[in-house]
Amino acid sequence: MCEKTDKPILVLASANKGKIREIGEMLPEYKVVGYKEMGLDAEIEETGSTFYENALIKARAVSDALGLPALADDSGLCVNALGGAPGIYSARYAGDGDDKHNNALLLKNMENIKDREAKFVSALVLYYPGGKIISAQGETYGKILYGCEGTGGFGYDPLFYSFDLNKSLGVATAEEKNSISHRYRALCALKEKLNEENNSRI
């Protein structure tokens with residue numbers, strides 16, 4: 001039987017199961033679903049040059065196709081010593097979208113580099129049919145470890161030592177990560193904008 005819920009559905013312009021799960025955990029008041037769960041079978045080409053541009057491209061494409069508001073997150077890891085790389089190419093850094101390959105390439109490119117400071121960046125865009133846009137950005141700071149620690153999270157989490165948590169995101173619990181992550185901070189900023197807008201109508 002299908003799960004029944006009274007929660008409003010929020011369509012996420014993503015097919016990344018880890019991202020869908022995390023945002024669902026951070027927005028318990030919504031039933032967060034990926035666009036493919038809504039029957040949209042499409043690959044959205046990310047042609048932007050910034051996190052915001054890519055988030056806008058994804059949110060607009062899904063909203064236009066489904067006729068519903070769509071939320072898109074474009075996020076990635078920016079390493080100081082690598083000039084901000086992998087940046088918007090984080091998910092496809094090694095060319096095949098494989099987390100292990102991406103992590104291995106990052107470690108290789110960081111060999112013999114002492115400055116290991118880095119940050120995760122998340123740009124969120126909520127796009128409504130008709131073209132209305134609400135956006136926000138969040139960041140969380142840390143450093144790149146010399147090897148993976150833990151198996152939790154996804155992406156570069158096992159290589160990222162969080163300055164907030166004083167541990168790798170790979171060993172942090174989901175609750176710990178969700179309390180300080182770039183995506184959580186972007187969502188907080190987005191919800192604040194939504195609240196301000198709703199209050200201005202009263």
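Worth saying up front: this structure is predicted, and the values here are computed from it rather than measured.

### As for the overall build of the protein
(1) Moving on: If you tally the helices and strands in the protein, you get five helices and seven strands.
(2) Moving on: Traced from its N-terminal end to its C-terminal end, the protein shows the element sequence β-α-β-α-β-α-β-β-β-β-α-α.
(3) Moving on: Here the C-alpha atoms of the protein give a radius of gyration of 17 Å, agreeing with the 17 Å that 2.2 N^0.38 yields for 202 residues.
(4) Moving on: The principal-axis extents of the C-alpha atoms in the protein amount to approximately 55 × 40 × 30 Å.
(5) Moving on: Residues classed as buried in the protein amount to 42% of the 202 residues present.
(6) Moving on: Taken as a whole, the protein presents about 10600 Å² of accessible surface, with 51% of it coming from carbon and sulfur.
(7) Moving on: For the protein, the distance from the average site of its 24 positive side-chain charges to the average site of its 29 negative ones is 1 Å.

### Concerning the pattern of salt bridges
(1) Moving on: According to the stated counting rule, one finds 14 salt bridges in the structure shown.
(2) Moving on: The partner of E22 in a salt bridge is K177, and the shortest N-O contact between them spans 2.4 Å. With E22 in helix α1 (residues 17–26) and K177 in helix α4 (residues 174–180), the pair connects residues that are 155 residues apart, well separated along the chain.
(3) Moving on: Residue classification places E22 among the buried residues on the basis of a relative accessible area of 3%.
(4) Moving on: Residues D164 and R185 are paired through a salt bridge, measuring 3.2 Å at the closest nitrogen-oxygen approach. Taken together, the residues span a long stretch of sequence, with D164 in the loop between β6 (160–162) and β7 (167–168) and R185 in helix α5 (residues 182–200) at a distance of 21 residues.

### Some words on the nonpolar core
(1) Moving on: Ranked by internal contacts, the top residues of the largest apolar core, which has 16 residues, are I23, V32, L71 and L187.
(2) Moving on: When contributions to this core are tallied by element, the ones reaching two or more residues are β1 (9–12), α1, β4 (117–127), β5 (133–144) and α5.
(3) Moving on: Core analysis: the next-biggest nonpolar cluster, separate from the first, contains 15 residues, Y93, A118, A172 and I180 among them.

### Notes on the packing of aromatic side chains
The description of an aromatic ring pair uses the distance of the two centres, along with the angle that the planes make with each other.
(1) Moving on: Scanning the entire structure with this criterion turns up one aromatic pair.
(2) Moving on: Arranged with centres 4.6 Å apart and planes meeting at 50°, the rings of F120 and F160 form a pair that is tilted. Placement of F120 in strand β4 and of F160 in strand β6 is noted, with a sequence separation of 40 residues between them. Both residues of the pair, F120 and F160, belong to the buried class.
(3) Moving on: Stacked on the ring of Y128, the Lys or Arg K132 has its end atom at 5.1 Å from the ring centre.

### What to know about the side chain of K19
(1) Moving on: Here K19 shows up in helix α1.
(2) Moving on: In this structure K19 comes out as buried when scored by relative accessible area, which is 9%.
(3) Moving on: Side chain to side chain, K19 and D73 meet in a polar contact 2.9 Å long.
(4) Moving on: Discounting residues that sit within four places of it in the chain, K19 has contacts with L12, S14, D73, S75, F154 and R183.

### Digging into the side chain of R183
(1) Moving on: With respect to the secondary-structure elements, R183 resides in helix α5.
(2) Moving on: A relative accessible area of 3% places R183 in the buried class.
(3) Moving on: Beyond its immediate stretch of four places on either side in the chain, R183 contacts K19, E22, I23, M26, D73, S75, S122, L124 and F154.

Reading the values: the criteria
Residues numbered from 1 in each chain as written. Predicted model: local features only at pLDDT ≥ 70, side-chain atom pairs only at ≥ 80, totals over all residues. Heavy atoms only, no water. Helix = DSSP H or I, 4+ residues; strand = E, 2+ residues; numbered from the N terminus. Rg over C-alpha atoms; globule rule 2.2 N^0.38 Å. Buried < 20%, exposed > 50% of the residue type's maximum accessible area, 1.4 Å probe, protein only. Areas by Shrake-Rupley, 256 points an atom, 1.4 Å probe, with all protein chains shown as cover. Lys, Arg positive; Asp, Glu negative; His and termini not counted. Charge placed at Lys NZ, Arg CZ, Asp CG, Glu CD. Salt bridge = Lys/Arg side-chain N within 4 Å of Asp/Glu carboxyl O. Core = buried A, V, L, I, M, F, W, Y, C linked by side-chain atoms within 4.5 Å. Phe/Tyr/Trp six-rings, centres within 6.5 Å; stacked < 30°, edge-to-face > 60°. Lys NZ or Arg CZ within 6 Å of the ring centre and 35° of its normal. Polar contact = N/O pair within 3.5 Å; in protein donor to acceptor, adjacent residues only side chain to side chain. Contact = heavy atoms within 4.5 Å.

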